[in-house]
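What follows is each chain in one-letter form.
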Amino acid sequence: MEYIVEMLNITKEFPGIKANDNVTLQLKKGEIHALLGENGAGKSTLMSVLFGLYVPEEGIIKVRGEEVHINNPNDANNYGIGMVHQHFKLVHNFTVVENIVLGFEDTKHGFLQFDDAIKKITDLSEKYKLKVDPNQLISNISVGMQQRVEILKMLYRNADILIFDEPTAVLTPQEIEELMNIMKDLTKEGKSIILITHKLKEIKQVADRCSVLRKGKYIGTVDVKTTSVEKMAEMMVGREVSFVIDKEVAKPKEVVLKVDNISVYNHALKKNSVTDVSFEVKKGEILCIAGIEGNGQTQLIESITGLNPISNGSLTLNGIDISHYSVRQRNNSGVSHIPEDRHRHGLVLDYSLEKNLILQTYFKELFQHKGFLKFDEIRINSDDLIDRFDIRSGKGSTTSARSMSGGNQQKVIVAREINRDTDLLIAVQPTRGLDVGAIEYIHKQLIAQRDAGKAVLLVSLELDEVMNVSDRIIIMYEGENVGEFDPTVVSENELGLYMAGSKRSDQ
Amino acid sequence: MKKLLVLVAAMVLVLGLSACSKVETYKIAMITDSGGIDDESFNQGTWEGIIDFADENDISYKYYKPLEVSDDAYLEAIDLAVEGGAEIIVTPGFLFESSIYAAQDLYPDVYFILIDGTPHDPTWTTWKTADNTMPILFNEHEAGFLAGYAAVYDGYRELGFTGGMAVPAVVKFGVGFIAGVYYAAQELEVEDDIVFNDDTYHYFGDFGPSDNFKNLALSWYAADTEIIFSAAGGAGASVMAAAADSGAMMIGVDIDQYDQSDTVLTSAMKQLGNAVQQGLQAWLDGEFVGGTSVYKGAANDGVALPMETSRFETFTTAQYAAIFLDLADGTVVVPADYDALVLFLNDATLDIPTKDEVEGTTD
Amino acid sequence: MWEKVKNYLVANALNLNIGFFLFLLVFIIPQFFANNDSILLVIRGLIVATGGGYIFYKLLLFRKNNPNFKPSESKLLVDVAGSIIAILTGLLFGLILMLIVNPGQAFGGFFVILQGGFRNIKSFGDMIYFSVPIILTGLSVAFAFRTGLFNIGATGQLTMGAYAAVYIGVKWGVIGEFSPFLHWLVAILGAIVAGALWGAIPGLLKAYRNVNEVVSSIMLNYVAMYLNTMLIVKYIYNRDFARALAPKSTAVTPLMNLHYLLPNSSVSGGIVVAIVVVIILHIILNKTTFGYELKAVGFNRDASKYAGMNSKRNIVYAMVISGAVAGLAGGLMYLVDGKFLQPLNVLIPEGFTGIAISLLGLSSPFGVLLAGLFYGSLKQGGFYLQLYSFTPEIIDIIIAVIIYASALGLFLQKFVIRAMKKREMLIDQKPEEAVEGSDA
């Protein structure tokens, strides 16, 4: 019995698309098997099939050599399959123990029995070095620990086939390192792991074998040790991918945005989320605001774009004070904004692609006349952008934004914001959740904008991106600007110390 | 596709066949007024009369509900009743006046009984009652008179009146009630003990129950009013509630309301059922008299107090029979409006409600 | 300018000709043959044939231009199919209920319900008459809904509109002496303004004080109800009948010649107004920057803020328009001969039915028009069902069950998509000649 899980010739269709087309995945016992593919390649669908969320049209699933029918997650649990979702499924006002035993509770005369559970959880967490505090509330523990809770949840249910769906997306570099070690320990104890990711670095680091999907099709399975990162990337994207970003040295010119001692007050928490931050962005440079998530970057950007008022300080754009401008006024005076959350802010998902492409410009004379939309112009605009920015979608301009892949949704936003041709381009985590090909594309676009003489303000959590793309780096910690760096000089480690708050340079 | 066709064909066939199933016809039809059939008022009283008559004579009957309260909708319901085989149609309430005006000519072979109204055209310019139409009107003042008379004989001295709105029928109830109260007082020579004037005479402005109405009644009871006659439809429920809270009594209206509350001393009844049955009987006997309005009062059992269910303590059935006879044979002619009331009482010293209050012209 | 007009006329020659022809057939020609039943019959036939033929032609054209069209990929078709399934579910519920109540006459009665407004000319006209206020309140709810607002206050806005219309109808007879049509128009405008003001209140509260519009609009229903009673009694009271005075005949909704085509029915020009409103709302929602903003706010308030749209102003505008349409419904409802506003402290139910109709009509103006007519048809079906041995109360229940089961049955949509998809897959497995042919 060589394979513990075999998914043979799986085909799963959705209206208008074959999400999995004759895909085969074979997981050996005790291995870490990476499932690699771009967003929308069908990784999640395949795992949902294994987890019983979807029933495939064709293909068979074998667990421990026997053909099985998995109709719901409970079946999956019974076969020892467990999944750590990308977005944790935890109850925030429950404790760690309560979350772990949820749905699996021991009761005695109708009363919950936690003692045994706590003992079992403590044992598990020692055995696999999964450090948690069983009695803490989920809302009080870090993201990394929440993930460990999710892993314990699977182990508590005696799962020995573990699926990790993009587990590193939310973690700091140190936490990622820790997770990799945990995964290795798990396989040593005989667990088998499927790791869904598009981060090649991680695959190279922990995985034994790697299966690649592209556009729903099975491309192949390779041995990670003997395969280069470039080769795997090529399998995933379907063409050669360059990892080195070619860019010339920045030639900064006049100041576009001047942020002067800005503070933002959070009324809910009754404290400042941004305190006295000052910086300038010049034409022809990319300024990157780095930092761990939740250190005031979001609030800072919202105050610059006008979504949130500033409580103190001033904003100057091309010499004009815009501190009290409305969002529309700022847009019109030259601010473009690729927002952090493309579903919440960036797109109206129920609108078609072409309508999303005029979100801030529909009222301009180009697109309307006396209040009536000019549909011909709107179509010309969107066809042009689709062509220039290589936006792929099912039905071109009329495709509903909701039905597009994440990468292409982001391309829509990038196309729209860049096309507005403003002096300042703000991009907040523009590559979040995107695959290699799309990331490469967006980085190129940002640099092209810089070279075209725009001021680019980039907010990023990914150190790779910070180091490769930016010309200047500011690090934010707890709402403050704790230091400014030149990426060609500073080391990643040095940045990490500033991001974690253990170092700061006083200006 | 074929399956679908077969299915559709089968459906059409089934429905087609079943559509041919025989529709029953109903000879006596009633059209309901705006309320439901169990409105404890006109619809119900009329309907109960029809049921009694039709069951006794083994004739088919049915009521039809118009789609809305409008002349057109009422006429359409009459159309429907005729299509359903109606030979005589009973319509309760003056809201049917215009519809009957049109229908009596449209269906000359169908008979109509219109209760509490007289047919006229929608613009109120032409009044016409055709030979196939019998409008039945009630002497509300006689019913009110009986109620007032009985109350005073039963020992009540401080009285009140609440009307829904000052529409003619309600005003007549009130006028009759005042007449009855003081007539009995004069007979008993207790005029000076009677307290019944503007202070306890009021129109709610609505026929529906409301806490405001209850509060008003409570304040009256608190000021020693012993009994309130409420000619106010559903708003009477508010008075009953107030009476129950105050341990006092009230008098109901239109139909016997004894079962709605223990506080109902008696009810100033219009004998809807009797009137309808008399009309239907005439039709059945081939003696239907149309063309003119029929007035139902004590003389033809059109008004009454429900003696069997009343909660009188001293007022006796014999006393009731005597005064009822006086009304029936015309010994006592109850006034129907305020001017006649003043003449009837013939005593300027009496502290009776004023004309403005009774006719609802104050505000 | 002239060139543009000419181009437009040429480009839309067929549509315009058909439209003009239908206009003549419906509004003009019948009056010359008012007493000639057979010619009227021919005219009705022509209308149906022209309309039906036009739609059929358009469908054929569409098929020809889109040979690869897959129904399951069209949101519109899937939604419409969902609504139809929902209606069938509702009817099924009704049939079951009838079988329980009176098995002997259930099928015959059910047929009457299916016939509905199509029983005869008169019931067809009555169907239209009863559907007008429902279409408008449905539109009112639907329009607010597209902006992400749930306007449960249509009833109150309708009441205020009705009062304003009747007040003007009763009191401003002077205008009628000058021009009857103008009097009606002013009364209707009064209804629109009154409804709009009443709708603006929850809109303003929502926009500037973040008061939930569901709560504020539902409470305003009661305020409107009592205010209506008070104002009737105070200003336009008919004491003898405990109801409002009748509007002057000049204020009554004109028949617009529809009574020639649909004699003996209650039909009036109200349906023309309703259709005009359908078209206006359709244009606002789908063709204007205003509608673009409103829908963006409705779909995703955060994104609309990000785009710099003034969501507060949009909320107020949406509620004003929603209220105006509901007010118009009230005006048309009571500017009718022989129908009177009553000082009854009862909420007018049309406002609530509008919610179900808006749901059934998928919140699209044309969908609401059809759903409203469906409602009118059901009402007629229920009325004629009285010919069978069902008591009116049971019939009310049956009709209510059908409407609500229909509106709630929309969740069945996903089954529709699945079924459509299956069918298409079967077709796809056949040789793909059509696809190749079209690519060439």
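Residues numbered from 1 in each chain as written. Chains lettered and ligands numbered in written order. Predicted model: local features only at pLDDT ≥ 70, side-chain atom pairs only at ≥ 80, totals over all residues. Heavy atoms only, no water.

J.: Tell me about helix α17 (residues 492-499) of chain A, and name the residues and values.
T.: Residues and elements named next belong to chain A. Restricting attention to buried positions, one finds in α17 the residues Leu-495, Tyr-498 and Met-499. Looking straight down α17, one finds that the buried residues subtend no more than 100° of arc, so they occupy a single side. Buried positions along α17 lie against α16 (463-469), β23 (472-477) and β24 (480-485). Capping the start of α17, Ser-491 holds a side-chain oxygen 3.1 Å from the backbone nitrogen of Glu-494, two or three residues further along. (Buried < 20%, exposed > 50% of the residue type's maximum accessible area, 1.4 Å probe, protein only. Helix = DSSP H or I, 4+ residues; strand = E, 2+ residues; numbered from the N terminus. Arc of directions from axis to C-beta. Contact = heavy atoms within 4.5 Å. Polar contact = N/O pair within 3.5 Å; in protein donor to acceptor, adjacent residues only side chain to side chain.)

J.: Tell me what's going on with the pattern of salt bridges, and back it up with residues and numbers.
T.: Any two side chains of opposite charge can pair if their charged atoms end up close together. For the structure on display, the rule yields 42 salt bridges over all chains. Three or more residues joined by partner-sharing salt bridges are found here, namely Lys-247, Arg-450, Asp-451 and Asp-471 of chain A. (Salt bridge = Lys/Arg side-chain N within 4 Å of Asp/Glu carboxyl O.)

J.: Give a description of the packing of aromatic side chains that names residues and reports values.
T.: All names here are of chain B. Counted according to the given criterion, the structure contains 38 aromatic pairs over all chains. Between Phe-161 and Tyr-203, the ring centres sit 6.1 Å apart and the planes meet at 80°, which makes this aromatic pair edge-to-face. Here the residue Phe-161 occupies a position in strand β6 (residues 159-163), and Tyr-203 occupies one in strand β7 (residues 201-203), the gap between them amounting to 42 residues. Residue classification places Phe-161 among the buried residues on the basis of a relative accessible area of 0%. (Phe/Tyr/Trp six-rings, centres within 6.5 Å; stacked < 30°, edge-to-face > 60°.)

J.: Give me unusual backbone geometry: which residues, what numbers.
T.: All names here are of chain A. Look at Asp-421: it is not a glycine, yet its phi comes out positive at around 55°. Within the secondary structure layout, Asp-421 lies in the loop between α14 (406-419) and β21 (424-428). Since its relative accessible area comes to 53%, Asp-421 is described here as exposed.

J.: Give me the lowdown on the side chain of Lys-191 of chain A, citing residues and values where you can.
T.: All names here are of chain A. Within the element layout of this structure, Lys-191 appears in the loop between α6 (173-188) and β10 (192-197). No salt bridge forms around the buried Lys-191; measuring N to O, its nearest opposite-charge neighbour Asp-160 is 5.8 Å away. Residues in contact with Lys-191, not counting those within four places in the same chain, are Gly-30, Glu-31, Tyr-128, Leu-155, Ala-159, Asp-160, Leu-162 and Leu-186. (Lys, Arg positive; Asp, Glu negative; His and termini not counted.)

J.: Pulling in residues and values, what's your account of the domain arrangement of chain B?
T.: As a measure of interface size, the accessible area lost when the parts come together is often cited. Residues and elements named next belong to chain B. Splitting chain B by domain gives domain 1 (28-138) and domain 2 (141-269 + 333-359). Contacts between domain 1 and domain 2 engage four residues on the former and four residues on the latter. Looking at the side of domain 1 facing domain 2, the largest losses of area belong to Glu-40, Ser-41 and Phe-138, adding up to 72% of the total buried there. The interface formed by domain 1 and domain 2 contains zero salt bridges. (Domains from an automatic or database assignment. Buried area = accessible area lost by both parts, 1.4 Å probe.)

J.: Outline the interface of chain A and chain C, listing residues and values.
T.: At the interface, 30 residues of chain A touch 23 residues of chain C. Interface of chain A and chain C: buried area, both sides summed, is about 2,300 Å²; carbon and sulfur atoms make up 60% of it. At the boundary of chain A with chain C, the tally comes to one salt bridge. Across the pair Asp-302 of chain C and Arg-344 of chain A runs a salt bridge, and its minimum N-O distance is 2.9 Å. At the boundary of chain A with chain C, the tally comes to 17 residue pairs in polar contact (both at pLDDT 80 or more). Those elements that provide at least two residues to the side of chain A that touches chain C are α10 (327-334), α11 (342-346), β20 (372-373) and α14 of chain A. Considering every element that reaches the side of chain A that touches chain C, the biggest residue donor is α11 of chain A, with four residues. Partitioning the side of chain A that touches chain C into residue classes produces 13 nonpolar, nine polar and eight charged. (Nonpolar A, V, L, I, M, F, W, Y, C, P; charged D, E, K, R; others polar.)

J.: Account for the packing of helix α6 (residues 121-146) of chain C against helix α17 (residues 365-384) of chain C, with residues named and values stated.
T.: Residues and elements named next belong to chain C. Between α6 and α17, the shortest axis-to-axis distance is 7 Å and the interhelical angle comes to 135°. Between α6 and α17, the crossing angle belongs to the class labelled oblique. Here the hand of the crossing between α6 and α17 comes out right-handed. Between α6 and α17, the residues in contact are Lys-122, Ser-123, Asp-126, Met-127, Ile-128, Phe-130, Ser-131, Ile-134, Ile-135, Gly-138, Leu-139 and Ala-142 and Pro-365, Val-368, Leu-369, Gly-372, Leu-373, Tyr-375, Gly-376, Ser-377, Lys-379, Gln-380 and Tyr-384, respectively. Its residues assigned to classes, the contact of α6 with α17 shows 13 nonpolar, seven polar and three charged. (Axes fitted to C-alpha atoms, helices over the stretch in contact; angles between N-to-C directions. Parallel < 35°, antiparallel > 145°, perpendicular 65-115°, else oblique. Left-handed = near helix turned anticlockwise from the far one by under 90°.)

J.: Account for the confidence of the model for chain C, naming residues and giving values.
T.: Residue and element names in this part refer to chain C. Per-residue confidence for chain C gives a mean pLDDT of 87, with 92% of residues at or over 70. Element-level mean pLDDT values for chain C span from 34 in helix α20 (residues 433-439) up to 96 in helix α7 (residues 154-171). When the criterion is pLDDT under 50, residues 428-440 qualifies, and its contacts beyond four places in sequence or with other chains add up to four contacts. Overall fold confidence for the complex sits at a pTM of 0.80, while the interface term, ipTM, reaches 0.83. (pLDDT = per-residue confidence, 0-100.)

J.: Run through the interface of chain C and chain B, naming residues and quoting values.
T.: The partner chain B presents 39 residues to the 36 residues of chain C that form the contact. Regarding the contact of chain C and chain B, the summed buried area is about 3,500 Å², with carbon and sulfur atoms giving 56% of it. Linking chain C with chain B are four salt bridges. For the salt bridge of Asp-79 of chain B with Lys-122 of chain C, the shortest nitrogen-to-oxygen distance reads 3.8 Å. Elements that contribute at least two residues to the side of chain C that touches chain B include exactly α5 (103-115), α6, α17 and α18 (392-408) of chain C. Of all the elements, α5 of chain C adds the most residues to the side of chain C that touches chain B, at six residues. Tallied by class, residues from the side of chain C that touches chain B come to 16 nonpolar, 10 polar and 10 charged.

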